[in-house]
Amino acid sequence: MIRISALAIVSGISLAASAQAADLPNRKAPALAPPAFTWTGFYVGANAGYAFGSYKTTGYNIVAILPGRQPHTSGGLFGAQAGYNYQIGQVVIGAEADFDFANVKGSYAQAVLGNPNALNVSGKLNNIGTLKARLGYAFNNVLVFATGGYAFGSMKSAYTLSIPAPPIVSSGSATKTVSGYTLGAGVEYALTNNWIIKADYQFISFGNKNFNGGNVPVINSAAASNFKSVTNEIRLGVNYKF
């Protein structure tokens, strides 16, 4: 009887202690939520892509009746970009500069004085750069944005003329600095707080430039035209945000 009473007393004390412990507040520290990603900061990066468009010439005056043509251009490009973003709520504003080396070119052949393909005209974009503003909307680590601003580049225009009779052989080329505007859009995805991948599209229109390839012998006419380039860029890139 004494042993049974002692066991009962011990069991009662244990139950009471357990109940009291259950009523005590939980002193365990709550788990900390990870901080939301911010797009604010400077960044630098690299890009590569493909460009396509057209190279419009407005009539060579080697022979007055030559009409203007607009051949297609295409080619690859690669380069770098740098910029700064500032996030206000979910809105992100910023500015970016980029520069790409390009091999975007096209050409056409044209009959002159009854000689088919006597005139060959080519155009090539050697490099393209932009200075633009950015406006985006952030979904945490995903940013959708639009851009617009100033575009510049270097373009080479060249011609060759070959007519058997009377024998006329002539060629010339010139490289010009071109400028215009750009409009575009894209999306970026932050893999970590620092590394970001991106895809974007840019439409670039360059203003008119006069090309003068020199004087053509025999017919004593200048090889000159007016040219304009329109380019579409599709690029993939990676940025490092500081």
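Enquirer: Before we move on, could you go through the nonpolar core and cite the residues and values that matter?
Expert: Leu161 and Phe206 are the most contacted members of the largest nonpolar core, which totals 24 residues. Residue assignment for this core shows that the elements contributing at least two residues are strand 1 (41–57), strand 3 (91–112), strand 4 (115–139), strand 5 (142–163), strand 6 (168–190) and strand 7 (195–206). Core analysis: the second largest hydrophobic core is formed by eight residues, Phe37, Ala138, Phe145 and Ala190 among them.

Enquirer: Give me the pairing of strand 6: which residues, what numbers.
Expert: In the case of a regular strand, side chains alternate between the two sheet surfaces. Sheet topology places strand 5 next to strand 6; 22 bridges connect them, and they run antiparallel. Looking at strand 6, one finds that threonine 147 is bridged to glycine 184. Relative to strand 7, strand 6 runs antiparallel, the two sharing 11 bridges. Note on strand 7: the bridge partner recorded for valine 187 is alanine 199. Following strand 6, the chain reverses through four residues before pairing antiparallel with strand 7.

Enquirer: Tell me about unusual backbone geometry, residues and numbers included.
Expert: Of note in this structure, asparagine 117 is not a glycine but carries a positive phi near 55 degrees. Relative accessible area serves as the criterion here: at 57%, asparagine 117 is assigned to the exposed category. Residues other than glycine seldom take positive phi values, yet asparagine 140 does so here, at roughly 60 degrees. Within the secondary structure, asparagine 140 sits in the loop between strand 4 and strand 5. According to the relative accessible area criterion, asparagine 140 is partly exposed, its value standing at 45%.

How each quantity is defined
- Residues numbered from 1 in each chain as written.
- Predicted model: local features only at pLDDT ≥ 70, side-chain atom pairs only at ≥ 80, totals over all residues.
- Heavy atoms only, no water.
- Core = buried A, V, L, I, M, F, W, Y, C linked by side-chain atoms within 4.5 Å.
- Buried < 20%, exposed > 50% of the residue type's maximum accessible area, 1.4 Å probe, protein only.
- Helix = DSSP H or I, 4+ residues; strand = E, 2+ residues; numbered from the N terminus.
- Pairing = 2+ DSSP bridges.

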